[in-house]
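Results of the structural survey
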Amino acid sequence: MAGLLEGHVAAVTGGGSGIGQGICQAYAREGARVIVLDINLDGAKETIGLIEAAGGAASAIALDVTDREACKAAAAEIGRGGKISILVNNAGINRRNPITGEAAAVARDWDDILSINLDGMFNVTQAFLDQLRATRGRIVNIGSIQSFVHVSWPNSAAYTTSKHGVLGFTRALAAELGKDGVRVNAIGPGLIETRINAEARARNPEMVAMVMRHTPLGRPGKPADIAGPAVFLASDMSAYVTGSIIMADGGFRTI
Ligand code: NAP
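Every chain's residues receive numbers from 1 upward, in the order its sequence appears when written. Only residues with pLDDT of at least 70 get local features here, since the model is predicted, and only at 80 or more are side-chain atom pairs given and counted; chain-wide, interface and lining totals rely on the full set of residues. The side-chain values count all of the structure's non-hydrogen atoms but skip hydrogen atoms and water molecules.

This part is about the packing of helix α1 (residues 18-29) against helix α8 (residues 223-234). Taken N-terminus to C-terminus, the directions of α1 and α8 make an angle of 50°; their axes are 8 Å apart at the nearest point. The angle between α1 and α8 places the two elements in the oblique class. As for how α1 packs across α8, the hand of that crossing is right-handed. Packed against α1, whose contacting residues are Gly-18, Ile-19, Gly-22, Ile-23, Ala-26 and Tyr-27, the element α8 presents Pro-223, Ile-226, Ala-227, Ala-230, Val-231 and Ala-234 at the interface. A per-class count over the contact of α1 with α8 returns 10 nonpolar, two polar and no charged. Lines fitted to C-alpha atoms define the axes, with helix axes restricted to the stretch in contact, and inter-axis angles between N-to-C directions lie between 0 and 180 degrees. A run of H or I in DSSP becomes a helix once it reaches four residues, and a run of E becomes a strand once it reaches two; helices and strands are each numbered from the N terminus. Just so you know how the angles are binned, under 35 degrees is roughly parallel, over 145 roughly antiparallel, 65 to 115 roughly perpendicular, and the rest oblique. Two helices that cross are described as forming a left-handed crossing if the nearer one is turned anticlockwise from the farther one by less than a right angle, and a right-handed crossing if clockwise. Contacts are residue-level and defined by heavy atoms, with any inter-residue pair within 4.5 Å sufficient. Gly counts as polar in this scheme, as do all residues outside two lists: the nonpolar Ala, Val, Leu, Ile, Met, Phe, Trp, Tyr, Cys and Pro, and the charged Asp, Glu, Lys and Arg.

We call a residue near a given molecule or strand whenever any one of its heavy atoms falls within 4 Å of it. Neighbouring the ligand are 28 residues, the closest being Ser-17, Asp-38, Tyr-159, Thr-194 and Arg-195. At a separation of 2.6 Å, an oxygen atom of the ligand approaches a polar side-chain atom of Ser-17. Polar contacts here mean pairs of N or O atoms no more than 3.5 Å apart (in protein, one a potential hydrogen donor and the other a potential acceptor; neighbouring residues in sequence count only if both atoms are side-chain atoms). In the model, an oxygen atom of the ligand is placed 2.8 Å from a nitrogen or oxygen of the Ile-19 main chain. In this description, accessible areas are obtained by the Shrake-Rupley approach with a 1.4 Å probe, and a residue is regarded as covered only by the protein chains that are shown. Protein burial of the ligand: of its 890 Å² of free accessible surface, 90% is covered by the chains. When residues of the shell around the ligand are traced back to their parent elements, those giving at least two are α1 and α5 (157-177). Of the residues contributing to the shell around the ligand, the split by class is 13 nonpolar, 11 polar and four charged.

The topology assignment puts Asn-155 in the loop between β5 (138-142) and α5. Sequence separation between Asn-155 and Arg-203 is 48 residues; the distance between their C-alpha atoms is 15 Å. Not counting chain neighbours up to four residues away, the residues in contact with Asn-155 comprise Arg-95, Arg-96, Asn-97, Pro-98 and His-150.

Each reported salt bridge corresponds to a side-chain nitrogen of Lys or Arg within 4 Å of a carboxyl oxygen of Asp or Glu. In total, this model carries 10 salt bridges according to the counting rule given. In this structure, Arg-138 and Asp-236 form a salt bridge, with 2.9 Å as the shortest nitrogen-oxygen distance. You can see Arg-138 sitting in strand β5 and its partner Asp-236 sitting in the loop between α8 and β7 (245-248), a full 98 residues away along the chain. A 1.4 Å probe rolled over the protein chains alone gives each residue an accessible area, and that area as a share of the maximum for its type sets the label: buried under 20%, exposed over 50%, partly exposed in between. Arg-138 gets classed as buried once you look at its relative accessible area, which sits at 11%.

Structure, rendered in structure tokens:
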């Protein structure tokens, strides 16, 4: 049986770890040729290994999404081998510090988080815009519960701001690119066990307990829990869906 993404070429930022790696594997399983874009080339190579071992096709380019010129160069290089039809803006970081903390450190966190989570998404999207319009492509942005609420683990003003921005960007682009046949959606993961929160989970079990009290499904998520919605949003199954966010959070916002 043909995969849902047969004939597609997908670029996934931050595809060398966690959620991005899970999405890359799922896209390859569904027949897409996957291009892993990550600042961490070792992680990207690990993803390629996993995909190839399962019989899929993947390649990687080392990319820092904050480097606008590098994003343009990567897009040009990829375009010479075939235009992408799926872009996943997934690369992101999180640091939790109170806004009242040491001023220079707080400002540094603000700059780093906003430049990767928000400017990075813009840089990569703009670099691939011509390809995505030519292929009537799909963009999937990775938001968060914090696209809506400031979760009651404190000290993440910059991250909350960035993820609200992801949702705003998703809606604005969906409105603007619909006429070109480009669909733009987001996924809002709950607490997913990856490297981004490994230290926080180990150091702060009460934080995990708090999230679980808000999670009807009663368990943290895995990258594979995000891969399903990501396949849906990239495939023709979601042909009439744009400007939406699919929450894959175990039901966090229901209670
Ligand atoms: P992860 O395991 O840390 O993966 C993130 C990947 O992005 C890493 O390979 C990282 O490389 C890479 N990266 C960091 N900065 C980059 C840059 N400037 N340019 C290119 N790549 C960069 O984290 P994850 O949990 O999978 O997170 C993926 C996305 O999901 C993020 O946007 C995050 O905010 C979002 N999210 C995660 C959760 C969760 O609970 N895990 C919940 C909601 C939303 P390095 O390892 O070298 O930094």
